[in-house]
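Structure assessment
Spelled out from the first residue to the last, the chains are:
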Amino acid sequence: ALVAQYFRLQPQVVLTGWGGATLHQPEHKPLREALVTAAGPAAGGLLGVVSLVLFPVAAVLIPASGAGSYLLLFLGTSATLNLLWTVLNLLPIHPLDGGTLARVGLSRFVPRGRAERYVHILSVVLLVPLGLLGMWAGASFTVLIVLVLGFINVQALRKAPAPVRTSSFVTELIQQAEAQLDSRPREAARLCHQARAEAHLSQRDVDRVWELLAVAT
């Protein structure tokens, strides 16, 4: 939430039955989006490491009775839960933070829409063995989470939008923006915004427009 606030994305922390989530305005610059997404797992991992380091220190300095036992229980639980959740949250599965980071990384090589589809497919592939492992271990709660995540990704694959054919006018605007980027960045930004306003805009052109805007502004 602090990183999202730094980038003025108006974050909101929402508490749910699964824990909590930070909601914010979409960030269209890949590096910023990656930083905002990675901030959550980084904070949880740091808290887990600090708890893990403090646990043996507290075990030596504080008697394991009375209030000391509660402190040791808190540190041990904090280390276990935070480190475990950080590892799971970084798996490249949508909608976990690892899935968002995977999509941002893939977007450097393929259009955003195709990157999202690849992440959904990867998510389903990874969820199958995780579900089987949960069933083998008798972890019904894990199986439930896997089923929910699997349903989300399968639905996203089924609702994938049909490709949009770009008009020649949009292509011309993007080419003009690219030509004006170095010498007249404000004009390049204006052309990008004009291209965004067009109805026939493919996902690939949307990604290119945002890349140009990131440089121009």
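The following paragraphs examine the structure supplied in this document. Just so we're clear, the structure is a prediction, and the values are computed from it rather than from any experiment. (Residues numbered from 1 in each chain as written. Predicted model: local features only at pLDDT ≥ 70, side-chain atom pairs only at ≥ 80, totals over all residues. Heavy atoms only, no water.)

1. A short note on the overall build of the protein
Scanning the protein from N- to C-terminus turns up 9 helices and 2 strands. Helices and strands in the protein line up, N terminus first, as α-β-β-α-α-α-α-α-α-α-α. Classification of the 217 residues of the protein by burial places 28% in the buried group. Intrachain contacts of the protein at a sequence separation of at least 6 include 53% that bridge at least 24 residues. Accessible surface for the protein amounts to roughly 14,300 Å². Of this, 66% is attributable to carbon and sulfur atoms. (Helix = DSSP H or I, 4+ residues; strand = E, 2+ residues; numbered from the N terminus. Buried < 20%, exposed > 50% of the residue type's maximum accessible area, 1.4 Å probe, protein only. Contact = heavy atoms within 4.5 Å. Areas by Shrake-Rupley, 256 points an atom, 1.4 Å probe, with all protein chains shown as cover.)

2. Overview of a nonpolar patch on the surface
A cluster of nonpolar side chains, contributed by Phe141, Leu144, Val148, Phe151 and Ile152, occupies part of the molecular surface with about 470 Å² of accessible area. Of note, Val148 is situated in helix H6 (residues 140-158). (Patch = residues over 30% accessible without salt bridge, like charges linked within 9 Å, V, L, I, M, F, W, Y side chains within 5 Å. Salt bridge = Lys/Arg side-chain N within 4 Å of Asp/Glu carboxyl O.)

3. Focus on the nonpolar core
Counting residues in hydrophobic clusters, the biggest one holds 15 residues, and the most contacted among them are Ile174, Ala177, Cys192, Val209 and Leu212. The element best represented in this core is helix H8 (residues 185-196), accounting for 5 residues. Those residues in contact with Ile174 that sit more than four places away from it in its chain are Ala195, Asp205, Arg208, Val209 and Leu212. Counting residues in hydrophobic clusters, the runner-up holds 5 residues, among them Ile93, Leu96, Val146 and Leu149. (Core = buried A, V, L, I, M, F, W, Y, C linked by side-chain atoms within 4.5 Å.)

4. Thoughts on helix H4 (residues 97-106)
In an α-helix, one turn spans 3.6 residues, which is why side chains three or four residues apart end up on the same side. For H4, the set of buried residues is Gly98, Gly99, Thr100, Arg103 and Val104. Next to the buried residues of H4 lie helix H2 (30-61), helix H3 (67-89) and helix H5 (112-137).

5. Considering the packing of H4 against H5
Where H4 meets H5, the closest approach of the two axes is 8 Å, and the angle between their N-to-C directions is 140°. Relative to H5, H4 is oriented oblique. Note that H4 runs across H5; the crossing there is right-handed. Residues Gly99, Ala102, Arg103 and Leu106 of H4 form the contact with H5, whose participating residues are Arg112, Ala115, Glu116, Tyr118 and Val119. (Axes fitted to C-alpha atoms, helices over the stretch in contact; angles between N-to-C directions. Parallel < 35°, antiparallel > 145°, perpendicular 65-115°, else oblique. Left-handed = near helix turned anticlockwise from the far one by under 90°.)

6. What to know about helix H7 (residues 168-180)
The end-to-end C-alpha distance of H7 is 18 Å, a good match for the 18 Å that 13 residues give at a rise of 1.5 Å each. Regarding H7, the residues found buried are Val170, Leu173, Ile174 and Ala177. All buried residues of H7 project into a common sector of 95° when viewed along the axis, lining one side. Opposite the buried face of H7, by more than 90 degrees, sit the exposed residues Ser168 and Ala179. (Expected span 1.5 Å × (residues − 1). Arc of directions from axis to C-beta.)

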